[in-house]
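# Survey of secondary and tertiary structure
Each chain, written out:
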Amino acid sequence: MATLRLGDIAPDFEQESSLGKIRFHEWLGDSWGVLFSHPADFTPVCTTELGLTAKLKKELEKRNVKVIALSVDPVESHQKWIEDINDTQDCQVNFPIIADADRKVSELYDMIHPNANATQTVRSVFVIDPNKKVRLTLTYPASTGRNFNELLRVIDSLQLTEYHSVATPGNWKDGDDVVIVPSLQDPDVIKQKFPKGYRALRPYLRMTPQPNK
Ligand code: BEZ
């Protein structure tokens, strides 16, 4: 599989997981999705990442996001590892972990980077929208745990663009002003979408309060 690019349809697959067989597109339904890979079971950084993800359950539900993890170990190993994660991270892993022992999904999503490690996946993240389009890709090295607050921030930004026609400036955080997307030019639509008004610092740089606040 060639590298997945933004806007591509996330490939569908059927694979075993810690919660039974998953048909990916059917499992996603009309939710947003996060698919993220882990080098292997019983590794320290992954253990912390999965604990953090379990604790984000409410935040993810608020955003209509389903999460699914992957590592290239079998289901029985995942089940034992989940006990460790729950115990050491004080959480309940409440999402499936794909058991990709045959690397079917890892290869489909280009998660194995042989010059980094020939047998384990790197830390990939794919954010997928309800139309099954890939909206974000991230690739982190095995030794660096990902920032899950950043992941929520990007999902918020993507959903603001999708549902409110705004983009988010550099270092934006929830509640900060946002920018009206340049493609939106019709004054009547702008008035209707942004009743709080906007400040045009330049014709192409129009700041407005975050619409869903
Ligand atoms: C891990 O926890 O997955 C890990 C830790 C150090 C180096 C590489 C991987």
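Below or above, wherever it landed, is the structure these notes cover. As a convention, each chain's residues are numbered from 1 in the sequence order in which they are written. Given that this is a predicted model, residues contribute local features only at a pLDDT of at least 70 and side-chain atom pairs are listed and counted only at 80 or more, while totals for whole chains, interfaces and linings are drawn from all residues. Only hydrogens and water are set aside when side-chain values are computed; all heavy atoms of the structure are taken into account.

## Details of the site of the ligand
We call a residue near a given molecule or strand whenever any one of its heavy atoms falls within 4 Å of it. Taken together, P39, T43, P44, V45, C46, R123, A142 and S143 make up the full set of residues adjacent to the ligand. For the ligand, an oxygen atom lies 2.7 Å from a polar atom in the backbone of V45. We define a polar contact as two N or O atoms separated by no more than 3.5 Å, with the added condition that, inside protein, one atom must be a possible hydrogen donor and the other a possible acceptor, whereas residues neighbouring each other in sequence contribute only through side-chain atom pairs. Interatomic distance of 3.0 Å between a side-chain N/O atom of R123 and an oxygen atom of the ligand. Here the ligand has 260 Å² of accessible area as a free molecule, and 66% of this is covered by the chains. In terms of residues, the shell around the ligand owes the most to one element, helix α2 (residues 44-55), which gives three residues. Grouping the constituent residues of the shell around the ligand by class yields five nonpolar, two polar and one charged. Methods summary: accessible areas were calculated by the Shrake-Rupley approach with a probe of 1.4 Å, and residue burial reflects only the protein chains presented. The numbering of helices and of strands both runs from the N terminus, where a helix is a DSSP run of H or I of at least 4 residues and a strand a run of E of at least 2. Polar here means any residue outside two lists: the nonpolar Ala, Val, Leu, Ile, Met, Phe, Trp, Tyr, Cys and Pro, and the charged Asp, Glu, Lys and Arg; Gly therefore counts as polar.

## Overview of the packing of aromatic side chains
In summary, the pairing rule links any two rings of Phe, Tyr or Trp, Trp by its six-membered ring, whose centres are within 6.5 Å, and it sorts them by plane angle into stacked for under 30 degrees, edge-to-face for over 60 and tilted for everything else. Applying the stated criterion across every chain, the model contains nine aromatic pairs. Summarising the aromatic geometry, the rings of F24 and Y109 are spaced 6.5 Å apart at their centres and angled 90° between planes, so their arrangement reads as edge-to-face. Residue F24 is found in helix α1 (residues 24-28), and its partner Y109 is found in the loop between α5 (104-108) and β6 (123-128); the two are separated by 85 residues along the sequence. With respect to class, F24 is no different from Y109; both count as buried. These aromatic residues form a ring-pair network of at least three members: F13, F24, W27, Y109 and F126. By definition here, charges over rings are those cases where NZ of Lys or CZ of Arg is within 6 Å of the ring centre and within 35 degrees of the ring normal. Just above the ring of W27 sits the side chain of K66; from NZ or CZ to the centre is 5.0 Å. Think of it in three bands: residues with accessible area under 20% of the maximum for their type are buried, residues over 50% are exposed, and the middle band is partly exposed, with areas taken using a 1.4 Å probe on protein chains only.

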